[in-house]
Amino acid sequence: MLVAALLSALCAATLAVADPRTAQIYIQPLATSTKPEPLAEISYDTLSLDATSVVAYEAPELPETADLVRIGLYDPKSSRWISGTTVASADNFSKGYSPHLLLTVDAQGEVLSAACKGVRVDAGQTRDFGPQAAVLVEGKGKQPDLNKPVVLSPEGRKVEEQEKTFLQKYWWMIAIAGFLALSGGGAEK
Ligand SMILES: *[C@@H]1O[C@H](CO)[C@@H](O)[C@H](O)[C@H]1NC(C)=O
């Protein structure tokens with residue numbers, strides 16, 4: 001019984017690890033009649049925040065009259081914002097700034113709000129030009145990896161860091177299950 005419970009816990013852990021979600025971030029110039037436009041698509045997994053990546057990014061074409069923009073998750077079908085929105089100055093999207101997107105999600109991975117700010121790019125640091133994304137998990141549970149930069153290659157792709165393998169993470173569970181299987185089997189005879 002115990003072995004079965006441990007094995008199913010092991011399976012649950014495997015399933016929970018692979019739960020990537022995507023979020024569609026939209027941008028809308030304030031004080032205009034322009035509809036929100038897609039800005040970026042972010043893939044994230046609350047159990048593996050290092051794996052957060054920018055799947056797609058479209059530099060917004062903002063009208064010159066727009067000083068402020070609103071950013072959030074938007075559903076074009078119902079024409080409604082479906083997350084909290086944030087307001088940023090349109091200058092954040094000027095040339096020479098690299099967009100840094102931030103998603104705030106709850107413990108279940110639902111997006112609470114989205115934000116974007118432009119970080120001035122140093123001409124010497126070409127590798128930082130691409131858009132970057134981070135996810136902040138609100139509430140209890142796994143602590144978010146604050147200030148951990150997403151590593152991007154010069155083309156703006158995320159450089160995959162070495163993930164711990166399944167065995168490296170869960171060897172101890174397998175060891176316990178194995179031990180119980182051996183000792184349990186012996187006792188029943
Ligand atoms: C980005 O937007 C925020 C909020 O409006 C503003 O405080 C900040 O100065 C802007 N940054 C740039 C680079 O324009």
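The text that follows walks through the structure, step by step, so that each part is easy to find. (Residues numbered from 1 in each chain as written. Predicted model: local features only at pLDDT ≥ 70, side-chain atom pairs only at ≥ 80, totals over all residues. Heavy atoms only, no water.)

1. Here we look at the overall build of the protein
In terms of regular secondary structure, the protein is built from 2 helices and 9 strands. Along the protein, helices and strands appear, N-terminal first, in the series α-β-β-β-β-β-β-β-β-β-α. Within the span of the protein, comprising 189 residues, buried residues form 32% of the whole. Contacts in the protein between residues at least 24 apart in sequence constitute 55% of all its contacts with a sequence separation of at least 6. Counting only carbon and sulfur atoms, one obtains 57% of the accessible surface of the protein, whose full area is about 12,100 Å². (Helix = DSSP H or I, 4+ residues; strand = E, 2+ residues; numbered from the N terminus. Buried < 20%, exposed > 50% of the residue type's maximum accessible area, 1.4 Å probe, protein only. Contact = heavy atoms within 4.5 Å. Areas by Shrake-Rupley, 256 points an atom, 1.4 Å probe, with all protein chains shown as cover.)

2. Comments concerning unusual backbone geometry
Unusually for a residue other than glycine, Ser-79 sits at a positive phi of about 50°. Tracing the chain through its elements places Ser-79 in the loop between β4 (68–75) and β5 (80–81).

3. Describing the nonpolar core
By size, the foremost hydrophobic cluster in this structure holds 23 residues, and its most contacted members are Ile-25, Ile-71, Leu-101 and Leu-103. Those elements giving two or more residues to this core turn out to be β1 (21–29), β2 (37–44), β4, β7 (97–105), β8 (111–120) and β9 (132–137). Those residues in contact with Leu-103 that lie beyond four places of it in its chain are Ala-23, Ile-25, Ile-42, Tyr-44, Leu-73, Val-111, Ser-113, Ala-114, Ala-134, Val-135 and Leu-136. (Core = buried A, V, L, I, M, F, W, Y, C linked by side-chain atoms within 4.5 Å.)

4. Side note on the pattern of salt bridges
One side chain can pair with another of opposite charge once the charged atoms of both are near each other. In this structure the tally under the stated criterion is 1 salt bridge. The partner of Glu-110 in a salt bridge is Arg-21, and the shortest N-O contact between them spans 3.4 Å. Of this pair, Glu-110 sits in the loop between β7 and β8 while Arg-21 sits in strand β1; the two residues are 89 residues apart in sequence, bridging distant segments of the chain. (Salt bridge = Lys/Arg side-chain N within 4 Å of Asp/Glu carboxyl O.)

5. Side note on the sheet that holds β7
Strand order in the open sheet formed by 3 strands is β8-β7-β9, with mixed pairing between adjacent strands. Each edge of the open sheet is held by one strand with a lone partner, namely β8 and β9. For this sheet, the mean angle separating the axes of adjacent strands, direction not counted, is 20°. Relative to β8, β7 is paired through 9 bridges, and the arrangement is antiparallel. (Pairing = 2+ DSSP bridges. Axes fitted to C-alpha atoms, helices over the stretch in contact; angles between N-to-C directions.)

6. Focus on the pairing of β4
Bridge count between β1 and β4: 5 bridges; the pairing is antiparallel. Paired with Ile-25 across the two strands is Leu-73, which belongs to β4. Across 4 bridges, the pairing between β4 and strand β6 (residues 86–89) is antiparallel. Its bridge partner being in β6, Arg-70 is matched across the sheet by Val-87.

7. Overview of the pairing of β7
What sits between β7 and β8 in their antiparallel hairpin is a turn of 5 residues, with Gly-109 showing a positive phi close to 95°. Bridging between β7 and β9 involves 6 bridges; their strand directions are parallel. Of the residues in β9, the one forming a bridge with His-100 is Gln-132.

8. Things to note about the site of the ligand
Taken together, Ala-88, Ser-89, Asp-91, Asn-92, Tyr-97 and Gly-118 make up the full set of residues adjacent to the ligand. Ser-89 places a polar main-chain atom, nitrogen or oxygen, 3.0 Å from an oxygen atom of the ligand. A distance of 2.2 Å is found between an oxygen atom of the ligand and a side-chain nitrogen or oxygen belonging to Asn-92. When the ligand is considered free in solution it has 360 Å² of accessible area, and contact with the protein chains removes 52% of it. (Near = heavy atom within 4 Å. Polar contact = N/O pair within 3.5 Å; in protein donor to acceptor, adjacent residues only side chain to side chain.)

It is worth stressing that arrangement in space is one thing and function is another; only the former is reported here.
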